[in-house]
Amino acid sequence: MPIITRGFRGHRSGDDERLPPGQYLTHDFPVLSTGPTPLIPPEEWSFTVTTETGVRHEWSWTDLMTLPAEEVTVDLHCVTRWSKLDTAWRGVSLDVLLEDVETVADYALVHSHGGYTTNLPLEDLLDGQAWVAFEYDGDALTSEHGGPARLLVPHLYLWKSAKWVRGIDLLLEDDPGFWEQLGYHEYGDPWREQRYQGD
Amino acid sequence: MVRSAWRPAALVDRRPETATATTLVLQAQDWPGHLPGQHVDVRLTAEDGYQASRSYSIAAPTDGDRIEVTVQRLENGEVSPFLADDLAVDDEVELRGPLGGWFVWRPEQREPVLLVAGGSGIVPLMSMIRVRAGTSRAPFRLIYSVRSPADRIYAAELRRRSAEDGGLDVAWVHTRVAPENDPRPPGRLTPDDLAAHGWPPDFEPTVYVCGPTGFVESVAAMLLATGHDATRIRTERFGGA
């Protein structure tokens, strides 16, 4: 039984059924990063998928722009407890990027400019669940929010949606990323409130 | 690494720091200890079971089962006004932590340290300063940006510590209102402030920057522009609600 805090009532919003447990609604778009924001000109940006056998598939910014993009509206849930509903993005589905990639890997380790990493099961990147996103709310994605392009995996806590994404390694065995090595949950499902190891 | 249980914790003391910031001293059950820079989740449960949780930086070194947090009261906030104004001694909340393993300073670190705080971003940096005082001779410099002198959190303690300890320098940046005798006119932190009160990049300091998003973005960009290596700059931003 949780402890009751005497006199606490709280604010209650009308969108509670869309909020995972322990989250609160924000209308801002807070920024959380572990270091300085890397400034990457699109012409220097590239995205590389490396398979478990070492085969590399690389896309330049120009290549990315020629691929079919989707517009998606999704809810974001950050492990620091804010959620933002109905955010509008444009990006290329990982289904498109991985279509011609031959792999039997079960895991993915995502790399960013600046050295950040995060891991997740490969199946969480497929079937319309993940994008390399480059527009937010109709505008080019700003660098502080991960531009020129970031991963978007909205069904997991937002630390999995790596900003400044530069590549994905496909792996036969799971390899924990940056926060996953610092006590945060391996998988990070907000609806099961998987914030920290052991949740 | 992180034990998942929520622990009951009772308020044992509260101290006003500024008109809008209050330090709460909580007594938890079986607190495992923490590193300076780490934070804690605080959960409040209403009588009908409704819950709200927020993260707060820990302000002071490990002291048995006592944990100090400094809460900045946010207008229209759900949790911070309650903690800052209403939570009374002996009232109970729940805590989870310590959390966060990146924005931390360890006393084994020998290199110079530059701390850059904006507003209530001072809290985790104060924890580093307080831990260092008993455990390390690593030279620390703090640059603390506030709107006006009345917004300085921990002002008297910072003045005392820097006067007593040659290894700790404190510089203030006032953005709106400066003290009368301050030769620096009010204004946002500039590269000149960082050059005057920070460390040169070739000293290879570790830099911790904490504050609102815009402040952190701007300071981190200045540090990079003056030659500090991105891998030695650690940031913690708070934004939004």
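The rules behind the values
Residues numbered from 1 in each chain as written. Chains lettered and ligands numbered in written order. Predicted model: local features only at pLDDT ≥ 70, side-chain atom pairs only at ≥ 80, totals over all residues. Heavy atoms only, no water. Axes fitted to C-alpha atoms, helices over the stretch in contact; angles between N-to-C directions. Helix = DSSP H or I, 4+ residues; strand = E, 2+ residues; numbered from the N terminus. Left-handed = near helix turned anticlockwise from the far one by under 90°. Contact = heavy atoms within 4.5 Å. Nonpolar A, V, L, I, M, F, W, Y, C, P; charged D, E, K, R; others polar. pLDDT = per-residue confidence, 0-100. Pairing = 2+ DSSP bridges. Buried < 20%, exposed > 50% of the residue type's maximum accessible area, 1.4 Å probe, protein only. Arc of directions from axis to C-beta. Salt bridge = Lys/Arg side-chain N within 4 Å of Asp/Glu carboxyl O. Domains from an automatic or database assignment. Buried area = accessible area lost by both parts, 1.4 Å probe. Polar contact = N/O pair within 3.5 Å; in protein donor to acceptor, adjacent residues only side chain to side chain. UniProt positions renumbered as here; feature names shortened; annotations may be inferred. Core = buried A, V, L, I, M, F, W, Y, C linked by side-chain atoms within 4.5 Å.

**A word on the packing of helix H2 (residues 122-135) of chain B against helix H3 (residues 155-164) of chain B**
Residue and element names in this part refer to chain B.
Now for step 1: Between H2 and H3, the least distance of the axes is 12 Å, while the angle of their chain directions is 35°. Considering how the two elements wind past one another, H2 and H3 form a crossing that is left-handed. Facing Ile-122, Met-126, Ile-129, Arg-130 and Ala-133 of H2, the residues of H3 in contact are Glu-157, Leu-158 and Arg-161.
Now for step 2: Of the residues in the contact of H2 with H3, the class split is five nonpolar, no polar and three charged.

**Section: the confidence of the model for chain B**
Now for step 1: With 97% of its residues at a pLDDT of at least 70, chain B reaches an overall mean of 94.
Now for step 2: With pTM at 0.92, the complex prediction returns an ipTM value of 0.85.

**A few points about the sheet that holds strand S8 (residues 140-146) of chain B**
Residues and elements named next belong to chain B.
Now for step 1: With parallel pairing, the five strands of this open sheet are ordered in space as S9-S8-S7-S10-S11. Two strands lie at the open edges of the sheet, namely strand S9 (168-174) and strand S11 (233-238), each paired on one side alone. Here the strands of the sheet are splayed against their neighbours by 10° on average, with no regard to which way each runs.
Now for step 2: Strand direction decides the pairing type here: strand S7 (residues 113-118) and S8, joined by six bridges, are parallel. Pairing of Leu-115 across the sheet is with Leu-142, part of S8.
Now for step 3: Contacts between helix H5 (residues 213-225) and the sheet are confined to S7, S8, strand S10 (206-212) and S11, with S10 contributing the most and set at about 150° to the helix.

**Regarding the environment of Leu-64 of chain A**
Residues and elements named next belong to chain A.
Now for step 1: Structurally, Leu-64 is set in helix H1 (residues 61-66).
Now for step 2: A residue is classified by how much of its surface remains accessible, and Leu-64, at 1% relative accessible area, is buried.
Now for step 3: A sequence separation of 28 residues divides Leu-64 from Val-92, and the C-alpha atoms of the two residues are 7.5 Å apart.
Now for step 4: When neighbours within four sequence positions are excluded, Leu-64 is seen to be in contact with Trp-45, Val-92, Leu-97, Val-132 and Phe-134.

**Let's talk about H3 of chain B**
Residue and element names in this part refer to chain B.
Now for step 1: Every buried residue of H3 is listed here: Ala-155, Glu-157, Leu-158 and Arg-161. With its buried residues spanning 165° around the axis, H3 presents them on a single face. Opposite the buried face of H3, at more than 90 degrees from it, the exposed residues are Ala-156, Ala-163 and Glu-164.
Now for step 2: At its buried positions, H3 is contacted by H2, S8 and S9.

**Notes on the interface of chain A and chain B**
Now for step 1: Contacts between the two partners involve 34 residues from chain A and, on the opposite side, 45 residues from chain B.
Now for step 2: Inspection of the region where chain A meets chain B yields three salt bridges.
Now for step 3: Here Arg-6 of chain A ties to Asp-91 of chain B by a salt bridge, and the two come within 2.8 Å at their closest N and O atoms.
Now for step 4: Here the residues of the side of chain A that touches chain B are counted per class, giving 14 nonpolar, 13 polar and seven charged.

**Examining the domain arrangement of chain B**
All names here are of chain B.
Now for step 1: Its domain assignment divides chain B into domain 1 (7-99) and domain 2 (113-238).
Now for step 2: Distance from the C-alpha centre of domain 1 to the C-alpha centre of domain 2: 24 Å.
Now for step 3: With 14 residues of domain 1 at the contact, the number on the domain 2 side is 14 residues.
Now for step 4: Of the roughly 1100 Å² buried at the junction of domain 1 and domain 2 (both faces included), carbon and sulfur atoms supply 61%.
Now for step 5: At the boundary of domain 1 with domain 2, the tally comes to zero salt bridges.
Now for step 6: Applying the counting criterion to the domain 1 and domain 2 interface returns three residue pairs in polar contact (both at pLDDT 80 or more).
Now for step 7: Of all elements in the fold, only strand S2 (21-28) and strand S5 (66-72) reach the threshold of two or more residues within the side of domain 1 that touches domain 2.
Now for step 8: Looking at which element gives the most residues to the side of domain 1 that touches domain 2, the answer is S5, with three residues.
Now for step 9: Here the residues of the side of domain 1 that touches domain 2 are counted per class, giving six nonpolar, six polar and two charged.

**Observations concerning the pattern of salt bridges**
Now for step 1: If you walk through the whole model with that rule in mind, you get 24 salt bridges over all chains.
Now for step 2: When salt bridges that share partners are traced, they join Arg-81, Glu-193 and Arg-195 of chain A together with Asp-41 of chain B into one network.

**What to know about the environment of Glu-186 of chain A**
Residue and element names in this part refer to chain A.
Now for step 1: Here Glu-186 shows up in the segment after strand S11 (165-171).
Now for step 2: Of the residues examined, Glu-186 reaches a relative accessible area of 32% and is grouped as partly exposed.
Now for step 3: Side chain to side chain, Glu-186 and Asn-119 meet in a polar contact 3.3 Å long.

**Some points on the UniProt feature "domain: Oxidoreductase molybdopterin-binding" (unreviewed entry) in chain A**
Now for step 1: Annotation from UniProt places "domain: Oxidoreductase molybdopterin-binding" (unreviewed entry) at residues 35-179 of chain A.
Now for step 2: Structurally, residues 35-179 of chain A is divided into 7% helix and 41% strand, and its ends, taken at the C-alpha atoms, are 13 Å apart.

**Observations concerning unusual backbone geometry**
Now for step 1: Residue Pro-148 of chain A follows Gly-147 of chain A across a cis peptide bond; omega there is 10°.
Now for step 2: The amide bond that connects Gly-97 of chain B to the next residue, Pro-98 of chain B, takes the cis arrangement and shows omega of 5°.
Now for step 3: If you trace the backbone, Pro-98 of chain B turns up in strand S6 (residues 92-99).
Now for step 4: Even without glycine at this site, Glu-204 of chain B takes up a positive phi of about 50°.
Now for step 5: Structurally, the position occupied by Glu-204 of chain B is in the loop between helix H4 (191-197) and S10.

**Some remarks on the nonpolar core**
Now for step 1: Ranked by size, the top nonpolar core spans 41 residues in total, and within it Trp-45, Phe-47, Leu-94, Leu-125 and Val-132 of chain A carry the most contacts.
Now for step 2: Of all the elements in the fold, those that place two or more residues in this core are strand S2 (46-50), H1, helix H2 (94-97), strand S6 (107-112), strand S8 (131-136) and S11 of chain A.
Now for step 3: Here this core gets three residues from one element, more than from any other, and that element is S11 of chain A.
Now for step 4: Apart from the residues within four sequence positions on either side, Leu-125 of chain A is in contact with Leu-94, Asp-95, Ala-108, Leu-120, Ala-130, Leu-151, Val-153 and Ile-168 of chain A.
Now for step 5: Listed in part, the 27 residues of the second largest apolar core include Phe-103, Trp-105, Leu-158 and Tyr-208 of chain B.

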